[in-house]
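Each chain, letter by letter, is given below.
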Amino acid sequence: MKLESVRGMRDILPEEAVLWQRLEGEIRALFALYGYKEIRPPVVEPAELFARGVGEATDIVHKEMYVFPDKKGQMLALRPEATASVVRAYIEHGLYAKGDLAKLYYLGPMFRYEKPQKGRQRQFHQYGVEALGSLDPALDAEVIDLAWHLMERVGLSREGLFLRLNSIGCREDRPAYREALRAHFSARREELCADCQRRLAENPLRILDCKEPQCQEAIAAAPKSLDYLCPSCRAHFEELLSLLGDLGLAYTLDPRLVRGIDYYTRTVFELCSRELGAQDALLGGGRYDDLVEVLGGPPTPGVGFAGGMERLVLVLSQRQPLDAAAPDLDAYVVPIGAEARRKALELLAQLRRRGVAADLDYLGRSLRKAMSVAARRARYALLLGPDELAQGRLTLKDLRTGQSSSLLLGEFLANPRAFLA
Ligand code: HAM
């Protein structure tokens, strides 16, 4: 059997990893600017967490979750998302007792057994934030501002993006809306796909997520959640729209947006790219004011979002192809002769301890070949030959300008940065 990575799970190879590292750096820095702190929950959780948190009737739990018994028979799941994990940790460690908002962020792999396609994988990576402890619509606006700001920061223009926004109400108004949907779809039951016929009994809201062509007409004519909001949900949503206006953040109201997860209440949104195909959501999120309670904690509202790293990488690399050939070192050491090589190893160790990214040839290449590797990988070559050795010097060659200079080894090592511009 040929050993290959599992379908839908791929290797991120070094040249692509450079972009990942840059993005992860930008994301962490931006989250910190908004006062979020990192949390790292485990990748494996009790399966029950997602059944209760995300919802039995959702595709994520019903069809896509990797579930398996451990050696003692406990049912575990590879996390399909991290909001439920963060909330579990929030409750387990009593983070609510700190008397302030908990603003948490995470980065890491998630797993969903979906049909792989462009922008959709079985192991994918999310970056996300969760703000727990306030009902204030200003916090919804802040989270949406953070989402927009992140896109600007990584270099995506507002023109290529759009924000879909909706409010799906709370547990007060949800029963009436659910009944209206049930009545609407029951009357058109014959048009619906088999999955939606099941959803009709379990949770008719989930029908609005369906992508099957045969269901689209019935979905288009379905009642809208905005028409069923209670006065306080309506006021919350209106205040959010007005705050987004103040911040100059664009949005498109989308009455069909319900976001395939059961924990959402009130605000839901997705930031989408015009440059991606069917999987156009760069990130999605919303409020989940009941989730902490559902998972056994004290009533605590929350709001957040998560985005897919792969989709961000896809849009960015569509615009600017990855530069596999970019130099990754400050200096490449080229010794000439066995004695110089010993000295070169010492020089390398010292350079690296002074924060200089440096490497040398371990393949016994000729001088000419070693210089061509140097030119590809570094800005400077450091040549050490018998003459240099005898005089305690080295030759520094600027590989961009071709200029060489002879330096005293001791002087160079005292402050290598002064010579490596
Ligand atoms: P979600 O919409 O299921 O929400 O996922 C968020 C983002 O993860 C999507 O917009 C997409 O960019 C990416 N994503 C999802 N599935 C895949 C996949 N199979 N392959 C590649 N990328 C994917 C959540 O997960 C919620 N926990 C978000 C949230 C946080 N809501 C409140 N707080």
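Up top is the structure these notes are about.
Below: a short report on this structure. All values reported here derive from a predicted model rather than from experimental measurement.

1. Brief notes about the sheet that holds strand β5 (residues 102-111)
Spatially, β1-β5-β6-β11-β10-β9-β7-β8 is the arrangement adopted by the eight strands of the open sheet, whose pairing is mixed. Each of the sheet's edge strands pairs with one partner strand only, and the pair in question is β1 (37-38) and β8 (252-253). When strand β10 (residues 281-287) meets strand β11 (residues 302-308), the two strands line up antiparallel, connected through five bridges. The residue of β11 that forms the bridge with Gly 286 is Gly 304. Where helix α4 (residues 83-92) meets the sheet, it contacts β5 and β6 (123-132), and its direction lies at approximately 45° from that of β6. On top of the sheet, helix α9 (residues 231-246) reaches β7 (161-167), β8, β9 (265-273) and β10; it is set at about 160° to β7, its chief contact.

2. Observations regarding the side chain of Glu 130
The residue Glu 130 is located in strand β6 in this model. Although buried, Glu 130 forms no salt bridge, and the nearest oppositely charged side chain, Arg 259, lies 9.0 Å from it. Of the polar contacts made by the side chain of Glu 130, one reaches the side chain of Tyr 106; its length is 2.7 Å.

3. Overview of the sheet that holds strand β2 (residues 44-46)
Note: strands within a sheet are paired through backbone hydrogen bonds, in either parallel or antiparallel orientation. One open sheet accounts for three strands, arranged β2-β4-β3; its pairing is antiparallel. Of all strands in the sheet, those with a lone pairing partner are β2 and β3 (67-69), marking the two edges. Here the average twist between neighbouring strands, direction ignored, is 40°. Where β3 lies against strand β4 (residues 75-78), three bridges are found, and the strand directions are antiparallel. The partner of Pro 69 across the bridge, within β4, is Met 75. Contacting β2, β3 and β4, helix α2 (residues 47-55) runs over the sheet at an angle of about 70° to β2.

4. Section: the pairing of β10
For β10, the buried fraction is high: seven of the seven residues fall into the buried class. The sheet contact formed by β9 and β10 spans six bridges and is antiparallel. Counterpart to Glu 270 in the pairing with β10 is Gly 284.

5. Things to note about the packing of helix α1 (residues 14-33) against helix α5 (residues 137-153)
For the pair α1 and α5, the least separation of the axes is 10 Å and the interaxial angle reads 140°. Taken as a pair, α1 and α5 cross one another with a handedness that is right-handed. Contacts from Glu 26, Ile 27, Ala 29, Leu 30, Phe 31 and Leu 33 in α1 reach Leu 146, His 149, Leu 150 and Arg 153 in α5. Of the residues in the contact of α1 with α5, the class split is seven nonpolar, one polar and two charged.

About the criteria used
Residues numbered from 1 in each chain as written. Predicted model: local features only at pLDDT ≥ 70, side-chain atom pairs only at ≥ 80, totals over all residues. Heavy atoms only, no water. Pairing = 2+ DSSP bridges. Helix = DSSP H or I, 4+ residues; strand = E, 2+ residues; numbered from the N terminus. Contact = heavy atoms within 4.5 Å. Axes fitted to C-alpha atoms, helices over the stretch in contact; angles between N-to-C directions. Buried < 20%, exposed > 50% of the residue type's maximum accessible area, 1.4 Å probe, protein only. Lys, Arg positive; Asp, Glu negative; His and termini not counted. Salt bridge = Lys/Arg side-chain N within 4 Å of Asp/Glu carboxyl O. Polar contact = N/O pair within 3.5 Å; in protein donor to acceptor, adjacent residues only side chain to side chain. Left-handed = near helix turned anticlockwise from the far one by under 90°. Nonpolar A, V, L, I, M, F, W, Y, C, P; charged D, E, K, R; others polar.

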